[in-house]
Amino acid sequence: MTIDPNTLTQPARRIQIVMTCGMALFLAITAGLAFATITKPSSVGPILADFGGFSTGPLMAWQTVALIGITAIHLTIWLLLLGTARHVFRHLADGEPEAASHAARNLANWLWAMLAWGLISQILVSLVATWGFPEGQRAISFGFGTPQVSIALSALIAGFMARAFALGAELWRDHSEVV
Amino acid sequence: MPIIVRLDVMLAMRKMTSRDLAARIGIAEQNLSLLKSGKVRGVRFNTLEAICSELGCQPGDLLEFQPETEEA
């Protein structure tokens with residue numbers, strides 16, 4: 001029986017392109033944030049706070065810097081995550097399941113990091129954004145909902161995929177040594 | 001490996017080259033060469049069937065079991 005690896009490699013190549021587009025999008029967002037920070041630093045803070053679900057007036061300089069820092073870490077993790085996912089699909093497209101297995105393990109780790117940072121950043125954003133509020137209106141927000149559950153599930157699936165790819169690599173090696 | 005592949009002997013007896021056999025049974029010459037040198041993990045039944053059918057022999061003519069001798 002002949003196994004055609006193209007049924008896997010061609011869709012993997014397409015998903016690799018999607019991941020590259022995702023990285024380009026996040027790079028553009030990062031560049032936009034950097035540009036806004038330089039040109040209109042006073043308006044970036046309230047926009048980011050609003051994005052985090054907190055409507056605020058003008059913020060102090062340290063609050064803006066903190067919100068930009070939190071967002072920058074978020075964007076960095078997203079870029080690393082998409083870059084790792086791109087690696088997974090590139091290795092699959094190149095017919096290297098063993099390397100894809102390592103990349104999938106890294107992807108699972110980045111997804112857990114994303115989940116952890118998502119929870120921590122929510123606390124930090126609420127704390128920073130409401131710091132200047134009158135007493136009694138300051139807040140510390142912590143939430144675990146559908147997005148967090150989705151990320152946790154994705155991390156579990158990526159971890160399982162890493163094991164499946166490792167097994168697939170072994171089977172492929174065995175298959176290629178049978179004539 | 002105690003399994004010895006006698007494909008080269010059978011090819012010599014039939015005065016056939018590896019390239020000819022590979023082309024006739026539809027497998028890569030490189031794979032046939034690996035089989036001839038015994039550097040494979042296994043042989044599929046359909047490959048064995050094609051070789052036997054082309055060379056007019058039995059699987060036992062192609063494969064031989066030689067137990068490894070224990071050195072004292």
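Scroll up a little and you will see the structure.
Thresholds, definitions, all that
- Residues numbered from 1 in each chain as written.
- Chains lettered and ligands numbered in written order.
- Predicted model: local features only at pLDDT ≥ 70, side-chain atom pairs only at ≥ 80, totals over all residues.
- Heavy atoms only, no water.
- Helix = DSSP H or I, 4+ residues; strand = E, 2+ residues; numbered from the N terminus.
- Rg over C-alpha atoms; globule rule 2.2 N^0.38 Å.
- Buried < 20%, exposed > 50% of the residue type's maximum accessible area, 1.4 Å probe, protein only.
- 1 Å grid on protein atoms, 1.4 Å probe; cavity = no way out; pocket = protein on both sides within 12 Å on 5 of 7 lines; lining within 4 Å.
- Points joined across faces, edges and corners; volume = space filled by probe spheres on them.
- Nonpolar A, V, L, I, M, F, W, Y, C, P; charged D, E, K, R; others polar.
- Axes fitted to C-alpha atoms, helices over the stretch in contact; angles between N-to-C directions.
- Parallel < 35°, antiparallel > 145°, perpendicular 65-115°, else oblique.
- Left-handed = near helix turned anticlockwise from the far one by under 90°.
- Disulfide = S-S within 2.5 Å.
- Phe/Tyr/Trp six-rings, centres within 6.5 Å; stacked < 30°, edge-to-face > 60°.
- Core = buried A, V, L, I, M, F, W, Y, C linked by side-chain atoms within 4.5 Å.
- Contact = heavy atoms within 4.5 Å.
- Buried area = accessible area lost by both parts, 1.4 Å probe.
- Salt bridge = Lys/Arg side-chain N within 4 Å of Asp/Glu carboxyl O.

We now examine the overall build of chain A. Secondary structure assignment for chain A yields five helices and zero strands. Tracing chain A from N to C terminus, the helices and strands come up as α-α-α-α-α. The globule rule puts the C-alpha radius of gyration for 179 residues at 16 Å, and the 21 Å found for chain A is more than 25% above it. Judged by the C-alpha coordinates and their principal axes, chain A covers about 75 × 30 × 20 Å. The 179 residues of chain A split such that 35% are buried.

Before going further, it helps to examine the layout of surface pockets. All names here are of chain A. Taken as a whole, the largest pocket spans an internal volume of roughly 720 Å³. Considering the residues around the largest pocket, the lining is formed by 24 residues, among which F51, G52, T71, H74 and S121 are closest to the centre. Taken together, the residues of the lining of the largest pocket sort by class into 16 nonpolar, eight polar and no charged.

All names here are of chain A. For the pair helix α3 (residues 61-93) and helix α4 (residues 97-129), interaxial distance at closest approach is 9 Å and the crossing angle is 165°. Taken together, α3 and α4 sit at an angle that is classed as roughly antiparallel. Our pair here, α3 against α4, has a crossing hand that is left-handed. A per-class count over the contact of α3 with α4 returns 26 nonpolar, eight polar and no charged.

Right, let's get into the state of the cysteines. Residue and element names in this part refer to chain B. Taken as a whole and assessed by the stated rule, the structure comprises zero disulfides over all chains. C57 takes part in no disulfide bond, and the closest cysteine sulfur to it belongs to C52, at a distance of 4.3 Å. The exposure class of C57 is buried, given its relative accessible area of 8%.

Let us now look at the packing of aromatic side chains. The geometry of an aromatic ring pair is captured by two quantities: the separation of the ring centres and the angle between the planes. All names here are of chain A. The tally for this structure, following the rule as stated, stands at two aromatic pairs over all chains. The interplanar angle of 20° and the centroid separation of 5.0 Å between the aromatic rings of F26 and W78 together place this pair among those described as stacked. You can see F26 sitting in helix α1 (residues 6-39) and its partner W78 sitting in helix α3, a full 52 residues away along the chain. According to the relative accessible area criterion, F26 is buried, its value standing at 16%. Here W78 falls in the partly exposed class, since its relative accessible area comes to 33%.

Glancing now at empty space enclosed by the protein. The gaps of empty space that remain are located by a probe, the size of a water molecule, rolled over the atoms. Residue and element names in this part refer to chain B. What the rule picks out here adds up to one cavity of 30 Å³ or more. Taken together, V5, L7, L35, V43, L48, I51, L62 and L63 make up the full set of residues lining the largest cavity. Of the residues that constitute the lining of the largest cavity, the class distribution is eight nonpolar, no polar and no charged.

In this structure, L48, L67, V88, L92, L107, L111 and F165 of chain A are the most contacted members of the largest nonpolar core, which totals 37 residues. Elements represented by at least two residues in this core include exactly α1, α2 (41-51), α3, α4 and α5 (146-176) of chain A. If one sorts the elements of this core by residue count, α3 of chain A sits on top with 13 residues. Every residue in contact with L111 of chain A, bar those within four places of it in the chain, is listed here: L81, I151, S154, A155 and A158 of chain A. Core analysis: the second largest hydrophobic core is formed by 18 residues, M16, A22, I25 and L35 of chain B among them.

A separate point is the interface of chain B and chain A. Each partner contributes residues to the interface: chain B has nine residues there, and chain A has six residues. A combined buried area of about 790 Å² lies between chain B and chain A, and 47% of that area is made up of carbon and sulfur atoms. Where chain B meets chain A, there are two salt bridges. Breaking the side of chain B that touches chain A down by element, the ones donating at least two residues are α3 (29-36) and α4 (45-55) of chain B. Taken together, the residues that form the side of chain B that touches chain A break down as three nonpolar, four polar and two charged.

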